[in-house]
Amino acid sequence: MLIPPDHEGYGVMDLMWIVIVSDYVLKLVTVLVKTIITLMPHSIMHYQNRGKYFLVVEMGSQLYRSLAPIQPWLSYLLDGYAGPRKVLGVFLSATYMVCKGPDIVTKMKCFQSAIVKFIHSVNYGSTPSKSQLEDAGGLCPICHDDFLLPTMLSCKHIFCEQCVVTWFDRERTCPMCRTQVADDPAWRDGSTTHFMQLY
Ligand SMILES: [Zn+2]
Ligand SMILES: [Zn+2]
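Residues numbered from 1 in each chain as written. Chains lettered and ligands numbered in written order. Predicted model: local features only at pLDDT ≥ 70, side-chain atom pairs only at ≥ 80, totals over all residues. Heavy atoms only, no water.

## Topic: the coordination of the zinc ion (ligand 1)
This is how it is decided: Each metal site lists N, O and S donors within 2.8 Å (3.2 Å for Na, K and Ca). With water left out of the atoms, a site can look as if it is missing ligands. Angle rules define the geometry names used: all angles between 85 and 135 degrees makes four donors tetrahedral, while opposite donors over 155 degrees apart and all other angles between 65 and 115 make four donors square planar and six octahedral, leaving every other case irregular. Here the term buried applies to any residue with accessible area under 20% of the maximum for its type, exposed to any over 50%, and partly exposed to those in between, with areas from a 1.4 Å probe on protein chains only.
Coordination of the zinc ion (ligand 1) by the protein is provided by C140 (SG), C143 (SG), C160 (SG) and C163 (SG), with metal-donor distances spanning 2.3 Å. Each of the four donor atoms around the zinc ion (ligand 1) contributes to a set of angles spanning 105 to 118°, which defines the coordination as tetrahedral. All donor residues of the zinc ion (ligand 1) come from one chain, and their arrangement in sequence is C-x2-C-x16-C-x2-C. With a relative accessible area of 0%, C140 lands in the buried category.

Structure (structure tokens):
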């Protein structure tokens, strides 16, 4: 949207302005979407599913933000060199795309794994038996209340399902014994990258 309609070659300062402002707007849109997810009542979106939504939104946003600067950069490189220097413009554009390739591939893989995690519901543990529940004392160590949908982790510690899923949006270890149970919780808590996309 920010590319001037008569883009007869714009300067490098115009290019930086276009790329940085576009990236900032896209980041704000991402935060807005996450805000809407946070505001959703529990009846529409279960709290334990929020982490998955945050992850997909963030990974989709990072992929899109890495694709967005391609058009302004190529317009700049291709239109900026007229006449005999056109060859240089084409060469620089090709170099740009070669440098950009691995970044896009990485972002696509992250987005793909986020989609996979979104589709498959992550199961952190099994349902404990009655005697195991009694041995645990009947109270969840996180919320200090009666167990709601008790879940037993691989380390035999028992928590409410909602308590433990919320915990694993931030941590990857059991809250009691620090056994590693979950994957990397990056971006599941609704945080947004501070990275600024310049190229
Ligand atoms: Zn609990
Ligand atoms: Zn444990």
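## Quick word on helix α4 (residues 86-119)
Defined as follows: Numbering of helices and strands runs from the N terminus; a helix is a DSSP stretch of H or I covering at least four residues, while a strand is a stretch of E covering at least two. Take the number of residues in a helix, subtract one, and multiply by 1.5 Å to get its expected span. Every residue pair with non-hydrogen atoms within 4.5 Å of one another is taken to be in contact.
Its 34 residues place the ends of α4 47 Å apart at the C-alpha level, agreeing with the 50 Å of an ideal helix rising 1.5 Å per residue. Looking at α4, one finds that the buried residues are G89, S93, Y96, K100, D103, I104, K107 and A114. Lining the buried residues of α4 we find α2 (47-67) and α3 (70-79).

## Quick notes on the coordination of the zinc ion (ligand 2)
Tetrahedral coordination by four donors sets the ideal angle at the metal to 109.5 degrees; octahedral coordination by six donors sets it to 90 or 180 degrees. Protein coordination at the zinc ion (ligand 2) comes from C155 (SG), H157 (ND1), C174 (SG) and C177 (SG), with a distance range of 2.0 to 2.3 Å. One way to put it: the four donor atoms around the zinc ion (ligand 2) meet at angles of 104 to 113°, and that makes the site tetrahedral. The motif formed by the donor residues of the zinc ion (ligand 2), counted along the single chain, is C-x1-H-x16-C-x2-C. With a gap of 17 residues between them, H157 in the loop between β1 (150-152) and β2 (158-160) and C174 in the segment after α6 (161-168) connect regions that are remote in the sequence. What makes C174 buried here is its relative accessible area of 0%.

## A word on the UniProt feature "transmembrane region" (unreviewed entry) in the protein chain
The criterion, for reference: UniProt positions are given in the numbering used here, feature names are shortened, and annotations may be inferred rather than shown by experiment.
As recorded in UniProt, the feature "transmembrane region" (unreviewed entry) lies at residues 15-40. For residues 15-40, the end-to-end C-alpha separation is 38 Å, with 96% helix and 0% strand making up the annotated structure.

## With respect to the side chain of T30
Basically, it comes down to this: Distance and chemistry together define a polar contact, namely a pair of N or O atoms within 3.5 Å, with one atom able to donate a hydrogen and the other to accept it when in protein, and with adjacent residues in sequence counting only for side-chain atoms on both sides.
Here T30 shows up in helix α1 (residues 12-39). Of the polar contacts made by the side chain of T30, one reaches the backbone oxygen of L26; its length is 2.8 Å. Setting aside chain neighbours within four positions, we find T30 in contact with V57, E58 and S61.

## Observations regarding the environment of T192
Secondary-structure assignment places T192 in the segment after α6. Sequence separation of T192 and Q62 is 130 residues, and the distance between their C-alpha atoms is 9.4 Å. With residues near it in sequence (within four places) discarded, T192 still touches K27, V31, K34, E58 and W187. A polar atom in the side chain of T192 sits 3.1 Å from the side chain of K34.

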